[in-house]
Amino acid sequence: MIVVFGSLNMDMMMVLEKLPRPGDTVLCPSYELSPGGKGSNQAVAAAKAGAEVKLFGRVGEDEFGRILLDSLSKTGVDLVGISKSSDLPTGCATVCVDELGENLIIVATGANLENQQSEIPNFLLAKGTTLLLQMETSVDENWKLIRRARKFGARIMLNLAPSDSIPNEILDCIDVLVMNEREATRLGLHLGFDIISPKIVAKRVAANFDLTCVVTLGKEGAVACMPEGTWEVGALQGEVVDTTAAGDAFVGVLAASLDEGIELSIALKRASIAGSLTCLTKGAQGSLPTLKDIEDNLKNINIPRRSA
Ligand code: RIB
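As a starting point, this report considers the structure included with it.

So, how was this worked out
- Residues numbered from 1 in each chain as written.
- Predicted model: local features only at pLDDT ≥ 70, side-chain atom pairs only at ≥ 80, totals over all residues.
- Heavy atoms only, no water.
- Pairing = 2+ DSSP bridges.
- Helix = DSSP H or I, 4+ residues; strand = E, 2+ residues; numbered from the N terminus.
- Axes fitted to C-alpha atoms, helices over the stretch in contact; angles between N-to-C directions.
- Salt bridge = Lys/Arg side-chain N within 4 Å of Asp/Glu carboxyl O.
- Buried < 20%, exposed > 50% of the residue type's maximum accessible area, 1.4 Å probe, protein only.
- Near = heavy atom within 4 Å.
- Polar contact = N/O pair within 3.5 Å; in protein donor to acceptor, adjacent residues only side chain to side chain.
- Areas by Shrake-Rupley, 256 points an atom, 1.4 Å probe, with all protein chains shown as cover.
- Nonpolar A, V, L, I, M, F, W, Y, C, P; charged D, E, K, R; others polar.
- Phe/Tyr/Trp six-rings, centres within 6.5 Å; stacked < 30°, edge-to-face > 60°.
- Lys NZ or Arg CZ within 6 Å of the ring centre and 35° of its normal.
- Contact = heavy atoms within 4.5 Å.
- Parallel < 35°, antiparallel > 145°, perpendicular 65-115°, else oblique.
- Left-handed = near helix turned anticlockwise from the far one by under 90°.

This paragraph deals with the sheet that holds strand E2 (residues 9–15). Strand order in the open sheet formed by four strands is E3-E2-E6-E7, with mixed pairing between adjacent strands. Both outer strands of the open sheet, strand E3 (32–36) and strand E7 (103–108), are each paired with one neighbouring strand and no more. Averaged over all pairs of adjacent strands, the angle between their axes in this sheet comes to 25°, without regard to strand direction. One ladder, built from five bridges, connects E2 with E3; its direction is antiparallel. By the bridge assignment for E3, aspartate 11 is matched with serine 34.

Counted under the stated rule, the structure contains 14 salt bridges. For the salt bridge of glutamate 141 with lysine 144, the shortest nitrogen-to-oxygen distance reads 3.5 Å. One end of the pair is glutamate 141 and the other is lysine 144, both in helix H3 (residues 139–152) and three residues apart, which spans about a single turn. With a relative accessible area of 11%, glutamate 141 lands in the buried category. Using a relative accessible area of 42% as the deciding quantity, one classes lysine 144 as partly exposed. Among the salt bridges present, the one from glutamate 260 reaches arginine 270, with a minimum N-O distance of 3.9 Å. With a gap of ten residues between them, glutamate 260 in the loop between helix H7 (246–259) and helix H8 (264–278) and arginine 270 in helix H8 connect regions that are remote in the sequence. What makes arginine 270 buried here is its relative accessible area of 7%. Linked by salt bridges that have partners in common, Arg58, Glu114 and Glu119 make up one network.

Moving on: the site of the ligand. The immediate surroundings of the ligand are formed by 13 residues, with Asp11, Gly37, Lys38, Glu136 and Asp248 found nearest. Separating an oxygen atom of the ligand from a side-chain N or O atom of asparagine 9 is a distance of 3.1 Å. Summarising the interface, the protein chains cover 97% of the accessible area of the ligand, which totals 280 Å² for the free molecule. For the shell around the ligand, the secondary structure elements donating two or more residues are E2, helix H1 (38–48) and E7. Class assignment of the residues belonging to the shell around the ligand gives a composition of five nonpolar, four polar and four charged.

Below, the discussion takes up the pairing of strand E10 (residues 176–180). The buried fraction of E10 amounts to four of the five residues, a majority that puts the element mostly inside the structure. Summarising the sheet, strand E9 (residues 155–159) and E10 pair through three bridges and their orientation is parallel. Counted as the bridge partner of leucine 158 is leucine 177 from E10. Of the pairings in the sheet, the one linking E10 to strand E11 (residues 212–216) comprises five bridges and is parallel in character.

A full pass over the atoms with the stated rule returns zero aromatic pairs. The residue whose ring lies beneath arginine 204 is phenylalanine 193, and the NZ or CZ to ring-centre distance is 5.6 Å.

Position of asparagine 297 relative to the elements: it lies in the loop between helix H9 (291–296) and strand E14 (305–307). Its relative accessible area of 16% is what places asparagine 297 among the buried residues. With 28 residues separating them along the chain, asparagine 297 and lysine 269 place their C-alpha atoms 9.8 Å apart. If sequence neighbours within four positions are ignored, asparagine 297 has contacts with Leu236, Ile273 and Leu277. At a separation of 2.9 Å, a polar atom in the side chain of asparagine 297 contacts the main-chain carbonyl oxygen of aspartate 293.

What follows concerns unusual backbone geometry. With an omega of -5°, the peptide bond running from alanine 161 to proline 162 counts as cis. One non-glycine residue, aspartate 210, lies in positive phi territory at about 50°. Tracing the chain through its elements places aspartate 210 in the loop between helix H6 (198–209) and E11. In this model, alanine 245 sits at a positive phi of 75°, which is unusual for a non-glycine residue. Structurally, alanine 245 is set in the loop between strand E13 (229–233) and H7.

Glancing now at the packing of H1 against H7. Axis angle and axis distance: for two packed helices, these are the angle between their axes and the distance between the axes, and together they describe the pair. Relative orientation of the contacting elements H1 and H7 amounts to 50°, with a least axis distance of 7 Å. Regarding the angle of H1 to H7, the classification is oblique. Seen from above, H1 lies across H7 with right-handed handedness. Residues Lys38, Asn41, Gln42, Ala45 and Ala46 of H1 lie in contact with H7, whose contacting residues are Asp248, Ala249, Val251, Gly252, Val253 and Ala256. Counted by class, the contact of H1 with H7 contains six nonpolar, three polar and two charged residues.

Moving on to the side chain of threonine 90. Mapped onto the elements of the fold, threonine 90 is located in the loop between strand E5 (78–85) and strand E6 (91–97). Exposure remark for threonine 90: the relative accessible area of 5% places this residue in the buried category. When residues no more than four places from it in sequence are discounted, the contact partners of threonine 90 are Leu8, Val59, Gly60, Asp62, Phe64, Gly65 and Leu68.

Here it is, written out as structure tokens:
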């Protein structure tokens, strides 16, 4: 079973020719509202890949919150862990996407910051659970939950997005750390590494903290470093329409696959396919693939390569 402790946001998506720079005002013809939030996206990605998923999150007592819960209730994700804030609004993200599919996201965290780890009972953090966290909720609550989950035996998976510093003592508790290239570079800086290229950071973090460190590399796929070696997996080729939630699809499907007992190399392959497929359509949760979509594409990507 997967327990997700994370964010729910209403995404306001705007498609632009070029992403704005500081001081710019840019126009676009319209916008679309759709369910998002890294926690919620990853929960849906894992559920669509066949996992049993419980989501612990918080929304406001408002229309956005009601729309998000209504949409999530149709995905198979268990929502008993969702609570409502009496004074903060539901999280809301402005998602700008340019004509190459690149995005720029601003998140107003709102009720997500009130998400309380104490609402997750100890028995849900035992061996047999994969606990999945991101960085759009309170960092202190994340660290408390990670310490508690270490004590009770759950597999701990952290997606360090958006990037932030992370204490060594917390890195020591984590089983699987997932980041994109920029997040990996920033982590390398925080840790004071002299070389901060994403792959080197991943190798060093894996060796220093005895964990699996995965870095997603966009069109190049991903690397997964463990103290004993590295797996490299490619990505599916196709026209990129929107990269929003590609990382969430990757993380959710990786969690679902590992939780099911699938070995890391195959789990990576499935995760990479899920990330690639998500880029082919616009939006976050609406573009996450089903298990069948993933399986249909297993033949279209090479078996991951292993190196020392
Ligand atoms: O990872 C994509 C997500 O980031 C969006 O859905 C947005 O809500 C932000 O959380």
